[in-house]
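Next come the chains, spelled out residue by residue.
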Amino acid sequence: MLAALAELRAGDAPTHGGRVLSYVYDSGLAELDELARDAAELTRPLNALDPTTFPSVAAMERELIAFMRKALNGSATKLGGGPVVGSVTSGGTESCLLAVKTARDLWRAEHPELAAQLARAGKRPRLVTAATAHAAFQKAARLFDLDWDPVPCEADGSVRAAAFEQRLGADVALVVVSAPAYPTGAIDPIAQVAGAAKEFGLSCHVDACFGGLVLPWWPAVDPWDFRVAGVTSISADLHKFGYAPKGVSVLLHRGRRRHRAQFFATTSWPGYPVVNPTLLGSKPASPLAAAWAITKRLGDGGYARLTASCVRSADTIIRETSTIRGLNVWGAPTGPSVALVTDTGLPEADQVDPHHLADELARSGFRIQHQPGFTQANGVRLPHTAHLTITPVTEQTLPELVPALKAAADAVRGKPRANPRIEYGALQALGYAPKREGGPFRVPSPDMAWRILKIAGAGGSAGGKGSSLPGRLAPLMALAEKLPAPVAEAILSELLARVSEP
Ligand SMILES: Cc1ncc(COP(=O)(O)O)c(C=O)c1O
């Protein structure tokens, strides 16, 4: 079994060494991985569902929350709103979902009449985020019956505080700001938005899933955490820049009342009393144990040193990108997320398409992440880009990564974007018309979605044995961008479903 698994693992992208600039967060310190492995193994048989039966779970959670509360400046006894308390969750998405569920439940409890009035009018309370907020908030809105109301961004991906303020009102269950937003690496105008939310009496969540364990040590960052009076909750992922293995994040709330609104409890069934602070019931303790051990081992000083390495690498990558003709850094990132975008101010022959760049760079072993472009409701287009997550190990790879980036840019400079209109024609040849005249978009059946994917090059050989992923993602991204969102979402779901279909 283990030999078979090792063979399967050999086909995976490398999780260490800095070749994959998304998904994985490599501290570059092998001893941390060993520590995490041993801590996870020691706690593997536990069920973290019940910390009274397994008090080690409570002890680790207590200490991990205390560490995060201090890092996010929530320890001061004089903070308004009561003590900062919280829970360990299974990851960023769960922290974001719970932040939304909590705020919604509090909003409903505080606005019974408005809730009833909205329901009568067939409306729902709103969840206000920047257009660049993580998609987990769209998921939360769908799951928890809210209207996602995205605040449009400027073309450089930044969002103005005034644009946020225009959206605020009594029917807003939660305002979300990001520190930073994943697609741009930019920090939202948190102090202004949280201040405005406070004036309206609204909950304001800071999504620091990405930045929560780097921004506390990043130089010259304006206050964005519990120092800002209007901030009511913060999410921060230990399985990102906390360097723990996957499956661990925290959600902190200002005040016990908020935290308790996150819980589900029932005595109305004949089994054991169910009290779940998070979404899962039975759950592993290993990710918590690994994060606990790593934070103890690294402490404030360790995180400061690892962050300093990310700062140096981010500075270098931003500086070197500015020397690459036809390519720019998108917007103004603060932190370890950087997105590369075409310099459209130059003639087309000099432009570098970020998705062709990403495909080309993969040939030299570095993987950066394709981010599709998208047009907001107000017509302002956010460009397609290529994302880089910079981790401490990136610094070791810079002598290879920077020349590889330059060579890839040279190889694709002037190459026009895949023209999805050709594929669109092919779609029609398949007998598929995505848009009914004046009506809703027709979502393709699984089989039609698969045929559309094949046109885009899925089922190609470069994805590895048995894989249905296309080798070059640029054409697929261009197609997905061009198709109506429900159709693109259906074909991308189909792609993922087919990957693991027996
Ligand atoms: C800002 C932000 N929020 C939320 C998430 C979701 O986290 P996860 O993938 O751990 O569920 C991410 C993931 O990249 C993120 O960058």
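Residues numbered from 1 in each chain as written. Predicted model: local features only at pLDDT ≥ 70, side-chain atom pairs only at ≥ 80, totals over all residues. Heavy atoms only, no water.

**Q** Whenever I open this one, the confidence of the model for the chain confuses me. Can you help?
**A** For residues with low pLDDT, the predicted coordinates do not support detailed interpretation. Averaged over all residues, the pLDDT of the chain equals 93, while 93% of them reach at least 70. Mean pLDDT in the chain bottoms out at helix α13 (residues 420–429), which sits at 62, and peaks at strand β5 (residues 204–208), which reaches 99. (pLDDT = per-residue confidence, 0-100. Helix = DSSP H or I, 4+ residues; strand = E, 2+ residues; numbered from the N terminus.)

**Q** Any chance you could explain the environment of A314 here in plain terms?
**A** With respect to the element layout, A314 can be found in helix α10 (residues 286–321). What makes A314 buried here is its relative accessible area of 1%. When the C-alpha atoms of A314 and G431 are compared, they prove to be 48 Å apart, with 117 residues separating the residues in sequence. Once you skip the residues sitting within four places of it in the chain, A314 turns out to touch W218, G335 and I390. (Buried < 20%, exposed > 50% of the residue type's maximum accessible area, 1.4 Å probe, protein only. Contact = heavy atoms within 4.5 Å.)

**Q** Any chance you could explain the sheet that holds strand β10 (residues 327–329) here in plain terms?
**A** Sheets are built from strands paired through backbone hydrogen bonds, the pairs being either parallel or antiparallel. Strand order in the open sheet made by the four strands is β10-β11-β15-β12, with antiparallel pairing throughout. The strands lining the two open edges of the sheet, one partner per strand, are β10 and β12 (369–371). Adjacent strand axes in the sheet meet at a mean angle of 30 degrees when their direction is disregarded. This element, α10, spans β10, β11 (337–342) and β15 (385–389) of the sheet and lies at about 145 degrees to β10. (Pairing = 2+ DSSP bridges. Axes fitted to C-alpha atoms, helices over the stretch in contact; angles between N-to-C directions.)

**Q** So what exactly am I meant to see when it comes to the packing of helix α4 (residues 92–110) against helix α5 (residues 112–120) here?
**A** If you want to describe how two helices pack, look at the angle between their axes and the distance between the axes. Two elements in contact, α4 and α5, have axes whose closest approach is 5 Å; the angle formed by their N-to-C orientations is 100 degrees. For the element pair α4 / α5, the angle class is roughly perpendicular. Between α4 and α5, the contacting residues are W107, R108, A109 and E110 on the first element and P112, L114, A115 and L118 on the second. Taken together, the residues of the contact of α4 with α5 break down into six nonpolar, no polar and two charged. (Parallel < 35°, antiparallel > 145°, perpendicular 65-115°, else oblique. Nonpolar A, V, L, I, M, F, W, Y, C, P; charged D, E, K, R; others polar.)

**Q** How should I be thinking about the UniProt feature "modified residue: N6-(pyridoxal phosphate)lysine" (unreviewed entry) in the chain in this particular structure?
**A** The positions UniProt marks with the feature "modified residue: N6-(pyridoxal phosphate)lysine" (unreviewed entry) are K240. Positionally, K240 belongs in the loop between β6 (233–237) and β7 (249–254). According to the relative accessible area criterion, K240 is buried, its value standing at 17%. Dropping the residues within four chain positions of it, K240 is found in contact with Y25, C209 and F210. A polar atom in the side chain of K240 sits 2.4 Å from the side chain of D237. (UniProt positions renumbered as here; feature names shortened; annotations may be inferred. Polar contact = N/O pair within 3.5 Å; in protein donor to acceptor, adjacent residues only side chain to side chain.)

**Q** Looking at this structure, how should I read the site of the ligand?
**A** Contacts to the ligand come from G92, T93, C96, H134, P180, Y182, D207, C209, F210, D237, H239 and K240. Interatomic distance of 3.0 Å between a backbone N/O atom of G92 and an oxygen atom of the ligand. The contact in question runs from a nitrogen atom of the ligand to an N or O atom on the side chain of D207, over 2.6 Å. For the ligand, the accessible surface in isolation is 390 Å², of which the surrounding protein chains cover 84%. Among the elements that line the shell around the ligand, the one with the most residues is α4, at three residues. Among the residues making up the shell around the ligand, the classes are represented as five nonpolar, four polar and three charged. (Near = heavy atom within 4 Å. Areas by Shrake-Rupley, 256 points an atom, 1.4 Å probe, with all protein chains shown as cover.)

**Q** What is the right way to look at the packing of aromatic side chains in this model?
**A** Here the distance between the centres and the angle between the planes together describe a pair of aromatic rings. Considering all chains together, one arrives at nine aromatic pairs under this definition. Both rings, one in F67 and one in Y303, keep their centres 5.8 Å apart while their planes meet at 45 degrees; by these two values the pair is tilted. In this pair, F67 sits in helix α3 (residues 55–71) while Y303 sits in helix α10, placing the two residues 236 residues apart along the sequence. Each member of the pair, F67 as well as Y303, is classed as buried. Seen in terms of ring centroids, W269 and Y272 are 5.4 Å apart; in terms of plane orientation they differ by 80 degrees. Their pairing is edge-to-face. What links up through ring pairs into an aromatic cluster is the set Y25, F67, Y182, F210, W217, F241, Y243 and Y303. Taking NZ or CZ as reference, R19 lies 4.3 Å from the ring centre of F366, over its face. (Phe/Tyr/Trp six-rings, centres within 6.5 Å; stacked < 30°, edge-to-face > 60°. Lys NZ or Arg CZ within 6 Å of the ring centre and 35° of its normal.)

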